[in-house]
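Chain residues, written in single-letter form:
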Amino acid sequence: MDISKYIELVFTDYTLRTITLGTAILGAITGMLGSFAVLRKQSLLGDAISHAALPGIAIAFLITGAKDTNTLLIGALVSGLIGTFWIKNIVTKTHLKSDTALGLILSVFFGFGMLLLTFIQKQPNANQAGLDKYLFGQAATLVESDVWMMAIVTGICLMVMLTFWKEFKILLFDADYTKTLGFNTKTIDILITVFIVLAIVLGLQTVGVVLMSAMLLAPAAAARQWTNSLAKMVFLAAVFGAFSGVFGTAISASQNNLSTGPVIVLVASVFVGFSFIFSPSRGLLFKQIRVIKNRRDLELHKTLAFMYHIAETHENTSHPHKIKLLNNFHGYTKSTLQKLVDKNYVKINGSMWSLTETGFETAANLYTKQETEDE
Amino acid sequence: MRNESKEDIKPSTASERVFAVKVDDLTVAYNYKPVLWDIDLEIPEGVLMAIVGPNGAGKSTLIKSILGILKPIAGSVTIYGKPYEKQRRLVAYVPQKGSVDWDFPTTALDVVMMGTYGSLGWIKRPGQKEKKASLEALEKVGMLPFKNRQISQLSGGQQQRIFLARALVQNASIYFMDEPFQGVDATTEIAIINILKELRRAGKTVIVVHHDLQTVPEYFDWVTFLNVKKIATGPVKDIFNDDNLTKTYGINYQVSIQE
Amino acid sequence: MNSAQLEIQIIASLVAIACAIPGTFLVLRKMAMISDAISHAILPGIVIGFFITQDLNSPVLILLAALTGIITVVLVEYIQKTGLVKEDTAIGLVFPALFSIGVIMIAKNANDVHLDVDAVLLGELAFAPFDRLLIGGTDVGPKSLWVVGSILLITITLLILFFKELKVSTFDKGLTASLGFSPAVIHYGLMSVSSVTTVGAFDAVGAILVVALMIAPAASAYLLTTDLKKMLILAISFGVFSAIFGYWVAHCLDASIAGSITTILGVVFLLVYLFAPSKGIIAVMYREKQQRTEVSLLTFLLHLKNHDEVEERHVNHLYEHINWQKVRAKSVLDLAQKNNMIHMDNQVVSLTKKGDEFTSKAINYIITNEDAQIEDMKDDFFLFRG
Ligand SMILES: Nc1ncnc2c1ncn2[C@@H]1O[C@H](COP(=O)(O)OP(=O)(O)OP(=O)(O)O)[C@@H](O)[C@H]1O
Ligand SMILES: [Mg+2]
């Protein structure tokens, strides 16, 4: 299927439009809230919460027998919160570390959820079809009301975030200080946590419990690389998340039997990889280039400094000296000498070199600069 | 408006003296392990005070419990005669440097502006006035050229100055600073201490956790020795002696202080 | 019980033992989430290995997939080192990406690969007895029994050979280097064993439930003992118990065996978590209550020692200055009197000789940072505890 045709379909086809809109909104809200999770050093809590939600879905189904999303998601919400609470309790009340608590709760809750799911599947009368989708997500099952639900939650979340922006920001940066200023940090804290859990639960149908945490982390981690402002980071994360949703949907819709979750996660991961490498200020590529360039500059400077020392011994600083002399200097190569000539710091005349006036000044400056820096 | 209310709190001719900070029988514990025991402390207004004591003595803990960050198991704290909750606006705090995430996406100016959040209260955003005050504070600590830097791209001393500026912008009466000289070069140390002395001249009370005993007599006029218990508190010239140092730092502590 | 059932239980028990051993060290080294990452990230390795070997139990596949596990660890550590994101974020970024690749590979080759997503998550323990290993035409047992058995054998051999090194490096990294063996070798050794075990167990219990078998028994054991050997034995016992009991629960419910084993692991942890003698939360809460009163008592005694003034020692002062509620103040006062630490004279409290001695000792211990001694001292001095 070619791209223009696909785009046309997105606008005309009801199902595709719903799905695209749904995944875009979902990506935006998880990206936004994920930024907070990442900055609070709670990256893996999302993973635990999403896994912990699974038994809730199964129990909600067992109790009500209903298949409608909202009932099941309420079950997910409750068991996700129980998992979160239990993790916090384990960490505060016992000597077990947070990584153990996270791994324990996520695997045990998930295992219990799977037990219930397989149990449900074997029930003869259960219209069990559809619970599987919560494992890896099936965007195709999104209907308009689901999208409305997501839009409303996102809207509320956005409003709360804008209202309490200042408070969120200062709490994330410096919790103790926030307390001394008289803000009730518990309230802000609970607000953020509840929204994160809510975003995770909203995404279960589309991305699934197994991979939901990546939706939280990946857009935020990518966004962090491009900016040093919290507002821009949150905005960018929302954009990256939304794009991951849209592209992921497009790819999985154009292929047979591909769950949406893994594809969306993979697209988001590509954003992350790209950002890690190509971000201008923090990216690995530019960092490497800078390192190499610095090393070159350093070599050049050292050579120049060495020449400066020789030139200094003579009254006339642009007096020519033998090139051979430079061989005493460890870092000297022909190409560095050529570069210095290109920069018009040095003149070469046969087997002799001399510093130009600019060359001498630069070298002198280099010295004073280094001395003040060392101080 | 704030000045008026401050006048009420500090009667100049009161019969009973009102201290800037008064700590009564304060005991603080982490997980029921006491780290501060029965501390009584009275800090008069307008002093520049050092809190000294070995690592783990409970200096940070003392400041945190005065500021209500930690809940003590016993005792009470008053600021100008009233509980801390009512007097927050009078107090500014510079935390120990390691306590925040320096890779947080925010700029130096942003961090300083956070000092204004307390007086703004909930929801209201900082505006031009707050920005102007923050820029002035940055200027004062000599960090104006760095205002748009991401904070992790500042040196340790520069980060410390940013924290100081954030406290300055709070425009408080009492300043608590937890090791503001940590990882700071000599020039910055002098710059900071000059700012602190200026604050004292303006009638503010400044309380500093300090590790370099050699400089105590030069920088401070008041000192508190702390090691789980309060060992001594008072004017530097009266109580800063080998006897108290030994009591605080252990049996064989020897530091000869030259005047 | 027929022979297939017996075989399933044996396989499950062996898997549990093989997981509990590296799991114990992962928990002690605060690396539990790494096992989660490995268990997800090996999926593409398994799929590729399957393309090559066409046999889920082939040793080549196991090594290939284990290699993916090591690559994951290296990748996570590399990202952590770049400092671009916080440490745990690195884990959270790497494994979903690799797992997604695995799932997509399975979906795209659904016709060629005899693997499905359910098997990835839950394993196929129930079918394990049907895949027999034939040597020279004779049936020597289920293949996965041999696979898991070999892995377990290797793990136990390594454990016995390097027990001392593992122990030292787990509890004191600095010492390890000074004793002349590299912490990095032990680290990657442990990671390799974890990866191989995960791959081997994967076929039986699935990706996520491997994590439960690694972490839950170790976490439960951790709450019961501080001795490494005892912890290993306890973790293994919890694992084996859950494996066998879990099998029968699944049998009764006609549900997933792996899910059921995990659930039992969870129940075991819950029970230990509640009732462990000194680290369980009921014990912790009881002790906290006791300590709260006793610390208050100490505080009170110290206050008496610090102050000679009568008004500071008046009963009413307790309510005002020390800032306690009446009930609390009264219970502290009662406890002090019951233990003969104080006597009251006209509403003014003073220390008895015993109280004075006790207080001096307590302060001494706290200042010299030996506050563990206070607990022993309490036994000597207290007739009644808080
Ligand atoms: N969050 C905490 N939980 C448990 N114990 C703590 C905690 N914070 C501090 N402690 C303990 O309380 C004691 C006092 O710590 P505090 O940080 O107040 O010392 P300090 O005097 O500021 O030391 P430093 O000079 O190293 O900053 C120490 O023994 C420390 O181990
Ligand atoms: Mg401190």
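Residues numbered from 1 in each chain as written. Chains lettered and ligands numbered in written order. Predicted model: local features only at pLDDT ≥ 70, side-chain atom pairs only at ≥ 80, totals over all residues. Heavy atoms only, no water.

Draft legend 1. Up close: the overall build of chain C. A count of helical and extended segments in chain C gives 17 helices and 4 strands. Against the globule reference of 21 Å for 386 residues, chain C gives a C-alpha radius of gyration of 28 Å, more extended than a compact globule. Projecting the C-alpha coordinates of chain C onto the three principal axes gives extents of approximately 95 × 50 × 40 Å. Expressed as a percentage of the 386 residues in chain C, the buried residues total 56%. Taking the contacts inside chain C whose residues are at least 6 apart along the sequence as the reference set, 67% of them involve residues at least 24 apart. (Helix = DSSP H or I, 4+ residues; strand = E, 2+ residues; numbered from the N terminus. Rg over C-alpha atoms; globule rule 2.2 N^0.38 Å. Buried < 20%, exposed > 50% of the residue type's maximum accessible area, 1.4 Å probe, protein only. Contact = heavy atoms within 4.5 Å.)

Draft legend 2. Molecular detail of the interface of chain B and chain A. In this assembly, 34 residues from chain B lie in contact with 28 residues from chain A. Put simply, chain B and chain A have 5 salt bridges between them. Between Asp176 of chain A and Lys64 of chain B there is a salt bridge, and its shortest N-O distance comes to 3.8 Å. For the pair chain B and chain A, the interface holds 13 residue pairs in polar contact (both at pLDDT 80 or more). (Salt bridge = Lys/Arg side-chain N within 4 Å of Asp/Glu carboxyl O. Polar contact = N/O pair within 3.5 Å; in protein donor to acceptor, adjacent residues only side chain to side chain.)

Draft legend 3. Fine view of the layout of surface pockets. For the largest pocket, the calculated volume is near 1,700 Å³. Along its surface, the largest pocket is lined by 48 residues, and Thr92 and Lys93 of chain A together with Tyr30, Asn31 and Leu70 of chain B are the ones closest to its centre. Of the residues forming the lining of the largest pocket, the biggest block, 6 residues, is contributed by helix α13 (residues 281-306) of chain C. In terms of residue class, the lining of the largest pocket is made up of 20 nonpolar, 10 polar and 18 charged. Considered as a void within the structure, the second largest pocket measures approximately 890 Å³ in volume. (1 Å grid on protein atoms, 1.4 Å probe; cavity = no way out; pocket = protein on both sides within 12 Å on 5 of 7 lines; lining within 4 Å. Points joined across faces, edges and corners; volume = space filled by probe spheres on them. Nonpolar A, V, L, I, M, F, W, Y, C, P; charged D, E, K, R; others polar.)

Draft legend 4. Representation of helix α10 (residues 185-207) of chain A. All names here are of chain A. Here α10 contains 23 residues, and its C-alpha end-to-end distance of 32 Å stays within 8% of the 33 Å for a straight helix at 1.5 Å per residue. Where α10 begins, the capping side chain belongs to Asn184, and its oxygen is found 3.2 Å from the backbone nitrogen of Lys186. A positive backbone phi angle near 95 degrees is found at Gly208, which sits one or two residues after α10. (Expected span 1.5 Å × (residues − 1).)

Draft legend 5. Structural detail: the site of ligand 1. Residue and element names in this part refer to chain B. In the region of ligand 1, 14 residues are neighbours, and Asn55, Gly56, Lys59, Ser60 and Thr61 sit closest. Between Gly58 and ligand 1, the recorded distance is 3.0 Å, taken from a backbone N or O atom to an oxygen atom. A distance of 2.8 Å separates an oxygen atom of ligand 1 from a polar atom in the backbone of Lys59. The dominant element in the shell around ligand 1, judged by the number of residues it contributes, is helix α2 (residues 59-66), at 3 residues. Residues that form the shell around ligand 1 fall into these classes: 4 nonpolar, 7 polar and 3 charged. (Near = heavy atom within 4 Å.)

Draft legend 6. Inspection of the coordination of the magnesium ion (ligand 2) at higher detail. Those protein atoms acting as donors to the magnesium ion (ligand 2) are Ser60 of chain B (OG) and Gln96 of chain B (OE1), and they sit at 1.9 to 2.5 Å. Separated by 36 residues along the polypeptide, Ser60 of chain B in helix α2 and Gln96 of chain B in the loop between β6 (91-94) and α4 (108-113) bring together distant segments of the chain. (Donors = N, O, S within 2.8 Å, 3.2 Å for Na, K, Ca; no water.)

Draft legend 7. Looking closely at the packing of aromatic side chains. Enumeration according to the criterion identifies 19 aromatic pairs over all chains in this entry. Pairing Phe225 of chain B with Phe240 of chain B gives two aromatic rings, centres 5.8 Å apart and planes at 15 degrees, and the pair type is stacked. Here the residue Phe225 of chain B occupies a position in strand β9 (residues 222-227), and Phe240 of chain B occupies one in the loop between α10 (236-239) and α11 (242-249), the gap between them amounting to 15 residues. We note that Phe225 of chain B, like Phe240 of chain B, is buried. Among the aromatic side chains, those forming a connected cluster through ring pairs are Trp86 and Phe109 of chain A together with Phe269 and Tyr273 of chain C. Over the face of the ring belonging to Tyr177 of chain A we find Arg166 of chain B, whose NZ or CZ atom lies 3.4 Å from the ring centre. (Phe/Tyr/Trp six-rings, centres within 6.5 Å; stacked < 30°, edge-to-face > 60°. Lys NZ or Arg CZ within 6 Å of the ring centre and 35° of its normal.)

Draft legend 8. Geometry of the domain arrangement of chain C. Residue and element names in this part refer to chain C. The assigned domain composition of chain C is domain 1 (3-279) and domain 2 (282-381). On a C-alpha basis, the centres of domain 1 and domain 2 stand 51 Å from each other. In this complex, domain 1 contributes 6 residues to the contact, which on the side of domain 2 involves 4 residues. Overall, the association of domain 1 and domain 2 removes approximately 320 Å² of surface from exposure, summing both partners, and the carbon and sulfur fraction of that is 53%. Run the count over domain 1 and domain 2 and you get 0 salt bridges. Inspection of the domain 1/domain 2 interface yields 2 residue pairs in polar contact (both at pLDDT 80 or more). (Domains from an automatic or database assignment. Buried area = accessible area lost by both parts, 1.4 Å probe.)

Draft legend 9. The arrangement of the interface of chain C and chain A in detail. Contacts between the two partners involve 58 residues from chain C, matched on the other side by 54 residues from chain A. Between chain C and chain A the total buried area reaches about 4,900 Å² when both faces are included, carbon and sulfur atoms providing 75% of it. Considering only the surface of chain C that becomes buried against chain A, Met33, Leu84 and Tyr273 of chain C emerge as the three largest contributors, covering 13% of it. Counting across the chain C and chain A interface gives 2 salt bridges. Between Asp254 of chain C and Lys122 of chain A there is a salt bridge; the shortest N-O distance is 3.8 Å.

Draft legend 10. Spatial organisation of the sheet that holds β6 of chain B. Residues and elements named next belong to chain B. Strand order in the open sheet formed by 6 strands is β6-β7-β8-β3-β9-β10, with mixed pairing between adjacent strands. Lying at the two open borders of the sheet, with one neighbouring strand each, are β6 and β10 (229-235). With strand direction ignored, the average angle separating the axes of adjacent strands in the sheet is 15 degrees. Relative to the sheet, α11 contacts β3 (48-52), β9 and β10, its axis offset from that of β9 by approximately 30 degrees. (Pairing = 2+ DSSP bridges. Axes fitted to C-alpha atoms, helices over the stretch in contact; angles between N-to-C directions.)

Draft legend 11. Structural detail: the pairing of strand β7 (residues 174-178) of chain B. All names here are of chain B. Among the 5 residues in β7, 5 count as buried, and that is most of the element. Every second residue of β7 is oriented toward a common face, with Ile174, Phe176 and Asp178 on one face and Tyr175 and Met177 on the other, all of them buried. With 4 bridges connecting them, β6 and β7 associate as parallel partners. Following the sheet pairing, Tyr93 is matched in β7 by Phe176. Bridge count between β7 and strand β8 (residues 205-209): 5 bridges; the pairing is parallel. Bridge pairing in β8 places Met177 opposite Val208. Read as a crossover between parallel neighbours, the route from β7 over helix α8 (residues 186-201) to β8 is right-handed. (Right-handed = clockwise from strand over helix to strand, strands pointing away.)

Draft legend 12. Molecular detail of the nonpolar core. In terms of nonpolar packing, the biggest core is built from 280 residues, with Phe110 of chain A together with Val21, Phe176 and Leu196 of chain B touching the most fellow members. Examining the composition of this core, we find that 15 residues originate from one element, helix α1 (residues 3-28) of chain C, more than from any other. Other than its neighbours up to four places away in sequence, Phe110 of chain A contacts His51, Leu54, Ile105, Leu135, Val209 and Val210 of chain A together with Leu121, Ile208 and Leu209 of chain C. Phe300, Leu301, Val315 and Met341 of chain C belong to the second largest nonpolar core, which has 25 residues in total. (Core = buried A, V, L, I, M, F, W, Y, C linked by side-chain atoms within 4.5 Å.)

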